[in-house]
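The primary structure of each chain is shown beneath.
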Amino acid sequence: ALGLYFPRKEYLENVYIDEPAGMPLLRIHALRDSREEGAHFHLCQNLIMSRARSHENNWFQIKEKTGLLYLSKSLDREDFNMLSVGNWMPLSKVMLYVFLSSHPFQEKECDSATRTTVFLSLINATAPACSSLTARQLCFTEMDLSFHIKENKPPGTFHQLRLPSVHHLCQNLSISYKLLAAEGVPFLYNETNTSVRVTQPLDREERERYELIAKCTVREGFREMQVEVPFLVNVLDEDDSPPFLPNGTDTADAVVEFNRKEGTVLSTLTVYDADTTPIYPLESSRKKYTGTIITDDPWISETFRVEHIFDEIHFSPNGSQVRGTRHEY
């Protein structure tokens, strides 16, 4: 078991000057490898800035059990100047790592391989008035809504559509969401907390990608704005399905006539694998399956060889397109 994992490789958020301590910035989610696991989040690293420099993190904290990243100290102009290294730019980017564990973190325990990256854009200005923001800015971050969920894993919540910072600052606005999807997809949207949940274990060999739409409606008095963005879920593969042969046999006979030229193809055998796609370097894919001439005659072993070529193909179970590999020997 690989343990808990993040459904997103990175997160992105803006931080403005003089936002108050306690200000929620974003919520990070984790998915389980087994039903018994519980997620614990932790910040261990310093802030990573340009030119690979780092600085002690005095401004950001994360709630261990909920994954809510928030300001623990207001970021003033003096802080901004220090973190931007006096480059006088209106924006400075810093990076920090969020670590994940199935047990409470011990002090200075930061060697977990399970981590995600948070990019923070520090903006040398106070937060803009809510009324000046577009529907896109009020509803979604600049990042694409794209997620990776492993197949054969337990259900769980993997995203919250509502932006914690906007929800905190723009309480005079009514912001509501809908998740538009085809009938029967294994995802559930909770209108109360705007969370999205995968409701059952997924099978990549049945479907590799889900394309949904997140729709947001902003109302302020008599004014109404709407925006829609793609909401994509990619299913990550687990090597759980054996290769198969179209005719059910794993051997092929070869009849050799006299005067055949070198390089003549005498027999072929095709093997399909819906579970994996070609990986690089190519030699890694060749080593996974090998073709062998069954003989006790050394002359045959010296005179004939098996060549292995492979390419990516697409299967179409249940009308959806799934990548796989065709091996030809």
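Only a predicted model underlies this, so the values are computations on that prediction, with no experimental measurement involved.

## Describing the overall build of the protein
A count of helical and extended segments in the protein gives five helices and 19 strands. Against the globule reference of 20 Å for 329 residues, the protein gives a C-alpha radius of gyration of 27 Å, more extended than a compact globule. With the C-alpha coordinates aligned to their principal axes, the bounding extent of the protein is approximately 85 × 45 × 40 Å. Counting the 329 residues in the protein, one finds 42% classified as buried. For the protein, the proportion of contacts with a sequence separation of at least 24, taken over those separated by at least 6, is 70%. When the accessible surface of the protein is summed, it comes to about 19,100 Å², and 49% of that surface belongs to carbon and sulfur atoms.

## Here's the deal with the environment of Pro-230
With respect to the element layout, Pro-230 can be found in strand β16 (residues 223-236). Along the chain, Pro-230 and Ala-274 lie 44 residues apart, while their C-alpha atoms are 27 Å from each other. Those residues in contact with Pro-230 that sit more than four places away from it in its chain are Leu-145, Leu-212 and Ile-213.

## Quick notes on the nonpolar core
Core analysis: the largest hydrophobic core is formed by 36 residues, its most contacted members being Phe-140, Ile-149, Phe-158, Leu-161, Phe-187 and Phe-231. Taken together, the elements giving at least two residues each to this core come down to α2 (135-139), β10 (145-150), β12 (174-180), β13 (187-190), β14 (195-198), β15 (209-220) and β16. In terms of residue count, β16 provides more of this core than any other element does, six residues in total. Leaving out residues up to four positions away in the same chain, Phe-158 has contacts with Pro-7, His-29, Leu-31, Phe-147, Ile-149, Phe-187, Val-196, Arg-197, Val-198, Phe-231 and Val-233.

## A closer look at the UniProt feature "domain: Cadherin" (unreviewed entry) in the protein
Following the UniProt record, one finds the feature "domain: Cadherin" (unreviewed entry) at residues 141-245. Span residues 141-245 is 6% helix and 50% strand, its end C-alpha atoms 47 Å apart.

## Focus on the layout of surface pockets
Approximately 1,400 Å³ is the volume attributed to the largest pocket. Lining the largest pocket are 37 residues, and of these Ser-267, Ile-293, Arg-305, Val-306 and Glu-307 sit closest to its centre. Ranked by residue count, the leading element in the lining of the largest pocket is helix α5 (residues 298-303), at three residues. Its residues assigned to classes, the lining of the largest pocket comprises 17 nonpolar, eleven polar and nine charged. The volume enclosed by the second largest pocket comes to roughly 450 Å³. Top element by residues in the lining of the second largest pocket is strand β1 (residues 10-16). It accounts for four residues. Residue-level mapping places the lining of the second largest pocket at the junction of two domains, with at least three residues from each of domain 1 (1-127) and domain 2 (129-237).

## Details of the domain arrangement of the protein
One can read the domain layout of the protein as domain 1 (1-127), domain 2 (129-237) and domain 3 (239-328). Of note, the centres of domain 1 and domain 2, computed from C-alpha atoms alone, are 21 Å apart. Across the contact, 25 residues belong to domain 1 and 23 residues belong to domain 2. Together domain 1 and domain 2 conceal approximately 2,100 Å² of surface at their shared face, both sides included; 59% is due to carbon and sulfur atoms. Linking domain 1 with domain 2 are one salt bridge. In this structure, Asp-33 engages Lys-153 in a salt bridge whose closest nitrogen and oxygen atoms are separated by 2.8 Å. One can count six residue pairs in polar contact (both at pLDDT 80 or more) joining domain 1 with domain 2.

## What about empty space enclosed by the protein?
Summed over the entire model, instances satisfying the criterion amount to two cavities of 30 Å³ or more. There is about 190 Å³ of room inside the largest cavity. Looking at side-chain class alone, the lining of the largest cavity contains eleven nonpolar, four polar and four charged residues. Mapping the lining of the largest cavity onto the domain boundaries places at least three of its residues in each of domain 1 (1-127) and domain 2 (129-237). Looking at the second largest cavity, its volume works out to about 40 Å³. Taken together, Tyr-5, Leu-31, Ile-149, Lys-150, Lys-153, Pro-154, Val-198, Gln-200, Pro-201 and Leu-202 form the lining of the second largest cavity. For the lining of the second largest cavity, the class distribution of residues is seven nonpolar, one polar and two charged.

## Considering the pattern of salt bridges
Under the criterion given, the structure shown has 15 salt bridges. Between Glu-208 and Arg-204 there is a salt bridge, and its shortest N-O distance comes to 3.2 Å. In terms of burial, Glu-208 and Arg-204 fall into one category: buried. Between Glu-312 and Arg-323 there is a salt bridge whose closest N-O contact spans 4.0 Å. Taken together, the positions of Glu-312 in strand β18 (residues 309-315) and Arg-323 in strand β19 (residues 322-328) put the pair eleven residues apart, joining distant regions of the chain. Arg-323 sits in the partly exposed class, given a relative accessible area of 33%. One continuous salt-bridge network, built from bridges that share partners, spans Arg-204, Glu-205, Glu-208, Asp-237, Glu-312 and Arg-323.

Analysis parameters
- Residues numbered from 1 in each chain as written.
- Predicted model: local features only at pLDDT ≥ 70, side-chain atom pairs only at ≥ 80, totals over all residues.
- Heavy atoms only, no water.
- Helix = DSSP H or I, 4+ residues; strand = E, 2+ residues; numbered from the N terminus.
- Rg over C-alpha atoms; globule rule 2.2 N^0.38 Å.
- Buried < 20%, exposed > 50% of the residue type's maximum accessible area, 1.4 Å probe, protein only.
- Contact = heavy atoms within 4.5 Å.
- Areas by Shrake-Rupley, 256 points an atom, 1.4 Å probe, with all protein chains shown as cover.
- Core = buried A, V, L, I, M, F, W, Y, C linked by side-chain atoms within 4.5 Å.
- UniProt positions renumbered as here; feature names shortened; annotations may be inferred.
- 1 Å grid on protein atoms, 1.4 Å probe; cavity = no way out; pocket = protein on both sides within 12 Å on 5 of 7 lines; lining within 4 Å.
- Points joined across faces, edges and corners; volume = space filled by probe spheres on them.
- Nonpolar A, V, L, I, M, F, W, Y, C, P; charged D, E, K, R; others polar.
- Domains from an automatic or database assignment.
- Buried area = accessible area lost by both parts, 1.4 Å probe.
- Salt bridge = Lys/Arg side-chain N within 4 Å of Asp/Glu carboxyl O.
- Polar contact = N/O pair within 3.5 Å; in protein donor to acceptor, adjacent residues only side chain to side chain.

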